Amino acid sequence: MPRRIRREAVQTPANRSELSLLAGSRLPAPLPGFAGDTPLEQVSAFFNKLTDFTERAGELIRRSFDEAIMGPRRGRFVLSDLDPTEKAYIGLRVQLLFQGEFEFPKGAKLDCKIDGHEVDIKFALTRTWTIPPEAKDELCLLVKADELSARFSIGVMRMTSARLTRKENRDRKLSISAAGRKEISWLIKDAAMPSNFFLDLGQDVLNHILERRAGQARIDELFRSVQNRKIPRIAIASLALQDDPMKRVRDARKHLQGEQIVVGHPKTSFFGLWPAEG
């Protein structure tokens with residue numbers, strides 16, 4: 001049976017494949033009302049000094065999603081293919097990738113230290129975040145993202161009691177209240193991130209490719225179906241489901257020569273496809 005991509009959350013805008021950043025998505029300083037919290041201001045300033053923070057952060061979140069989906073091992077394509085337990089681990093992936101990318105040392109109490117201050121890194125696919133007991137009254141780096149819209153936001157906030165709900169969940173965690181969310185000091189707001197190739201591809205095209213049982217046949221059909229577009233390696237590996245997916249690309253180049261299709265740029269992270277010039 002053809003695989004259907006389950007679509008969750010908001011309707012994806014038509015231009016979600018664009019990787020350009022939203023104009024004005026970087027906020028240069030903490031919002032008014034946070035004066036006096038020197039650690040928060042210094043943590044915000046650390047990120048505002050990074051000229052490429054938005055681009056790097058978006059790529060890290062996309063990588064976190066791809067690692068959770070595990071397409072090359074499980075033959076899955078989108079976050080909606082994951083069960084709730086698997087989705088819960090995305091937050092840990094985001095935390096570890098951010099710590100590694102920006103070289104944050106491990107914290108004594110919380111996840112890490114940023115500019116000398118203890119900070120917990122929290123991620124959410126939903127509207128709010130859950131905050132553990134040890135992070136109460138502490139700084140948190142709040143990351144949220146939506147795969148369908150390919151947008152993400154990052155902010156900083158101190159988790160005071162006034163900004164948290166009163167009712168704990170079974171893990172003794174609290175959520176940020178609606179009033180508390182209004183007090184987040186945003187570093188990035190609704191910026192574009194790399195989109196999911198398979199969502200951009202569309203259900204009908206994906207089903208057509210998946211009708212081919214063998215990995216090589218799928219890759220050949222992918223290159224027939226997708227013209228003049230960049231195809232990420234993760235997409236190749238997810239469809240090939242083999243130990244050496246790049247060999248499938250090399251073989252596809254040979255198979256498609258007779259059809260006047262050229263598979264280009266084999267040494268980059270993307271493969272471009274162009275009809276061969278007659």
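Residues numbered from 1 in each chain as written. Predicted model: local features only at pLDDT ≥ 70, side-chain atom pairs only at ≥ 80, totals over all residues. Heavy atoms only, no water.

> When you look at a nonpolar patch on the surface in this model, what are you seeing that I'm missing?
Together, Tyr 89, Leu 92 and Leu 96 line one region of the surface with nonpolar side chains, adding up to about 310 Å² of accessible area. Residue placement: Tyr 89 occurs in the loop between helix 4 (84–88) and helix 5 (90–102). (Patch = residues over 30% accessible without salt bridge, like charges linked within 9 Å, V, L, I, M, F, W, Y side chains within 5 Å. Areas by Shrake-Rupley, 256 points an atom, 1.4 Å probe, with all protein chains shown as cover. Salt bridge = Lys/Arg side-chain N within 4 Å of Asp/Glu carboxyl O. Helix = DSSP H or I, 4+ residues; strand = E, 2+ residues; numbered from the N terminus.)

> What's the story with the packing of helix 2 (residues 53–69) against helix 5 in this structure? I'm lost.
Angle between the axes and distance between the axes are the two parameters that describe a pair of packed helices. It is at 9 Å that the axes of helix 2 and helix 5 come closest, and there the two elements cross at 140 degrees. Here helix 2 is positioned oblique relative to helix 5, judged by the angle of their axes. Of the two possible hands of crossing, helix 2 and helix 5 adopt the one that is right-handed. Judged by residue contacts, Phe 53, Arg 56, Ala 57, Leu 60, Ile 61, Arg 63, Ser 64, Phe 65, Glu 67 and Ala 68 of helix 2 engage Ile 90, Arg 93, Val 94, Leu 97, Phe 98, Glu 101 and Phe 102 from helix 5. (Axes fitted to C-alpha atoms, helices over the stretch in contact; angles between N-to-C directions. Parallel < 35°, antiparallel > 145°, perpendicular 65-115°, else oblique. Left-handed = near helix turned anticlockwise from the far one by under 90°. Contact = heavy atoms within 4.5 Å.)

> I tried to follow the pattern of salt bridges on my own but got confused; where do I start?
A side chain with one charge may pair with a side chain of the opposite charge, provided their charged atoms come close. Evaluated as defined, the whole model comprises 19 salt bridges. Asp 190 is paired through a salt bridge with Lys 189; the nearest N and O atoms lie 3.6 Å apart. Judged by its relative accessible area of 30%, Lys 189 is partly exposed. One connected set of salt bridges, linked through shared partners, spans Glu 211, Arg 212, Glu 221, Arg 224 and Glu 259. (Buried < 20%, exposed > 50% of the residue type's maximum accessible area, 1.4 Å probe, protein only.)

> Please explain the environment of Leu 82 as it appears in this structure.
For Leu 82, the location among the structural elements is in the loop between helix 3 (71–74) and helix 4. Note: C-alpha distance between Leu 82 and Ile 69 (13 residues apart in sequence) is 6.8 Å.

> Just checking my understanding: could you explain the sheet that holds strand 5 (residues 151–158) for this structure?
What holds strands together in a sheet is hydrogen bonding between their backbones, with the strands either parallel or antiparallel. Strand order in this open sheet of 5 strands is 1-2-4-5-7, and the pairing throughout is mixed. Either end of the sheet is taken by a strand with one partner, and the two such strands are strand 1 (112–114) and strand 7 (185–192). Strand-to-strand, the axes of this sheet are offset by a mean angle of 30 degrees, without reference to chain direction. The pairing of strand 2 (residues 117–124) with strand 4 (residues 139–146) spans 6 bridges and is classified as parallel. Each bridged residue has a counterpart across the sheet, and for Ile 121 the counterpart in strand 4 is Leu 141. Against the sheet, helix 1 (residues 38–48) touches strand 1, strand 2, strand 4, strand 5 and strand 7, its axis set at about 150 degrees to strand 5. On the sheet, helix 5 packs against strand 1, strand 2, strand 4 and strand 5 and is oriented at approximately 140 degrees with respect to strand 2. (Pairing = 2+ DSSP bridges.)

> It is not clear to me how the packing of aromatic side chains should be interpreted in this structure. Could you clarify?
A ring pair, where both rings are aromatic, is described by two values, the distance of the centres and the angle of the planes. One pass over the structure, following the stated rule, counts 11 aromatic pairs. Ring geometry for Phe 46 against Phe 47: centres 5.2 Å apart, planes inclined by 85 degrees, an arrangement best described as edge-to-face. Ring centres of Phe 197 and Phe 198 lie 5.5 Å apart, and the angle between their planes is 80 degrees; on these two criteria the pair is classed as edge-to-face. Summarising the burial analysis for this pair, Phe 197 and Phe 198 share the class buried. Through a chain of ring-to-ring contacts, three or more aromatic side chains come together here, namely Phe 46, Phe 47, Phe 53, Phe 98, Phe 102 and Phe 104. Over the ring of Trp 186 we find Lys 189, and its NZ or CZ is 4.8 Å from the ring centre. (Phe/Tyr/Trp six-rings, centres within 6.5 Å; stacked < 30°, edge-to-face > 60°. Lys NZ or Arg CZ within 6 Å of the ring centre and 35° of its normal.)

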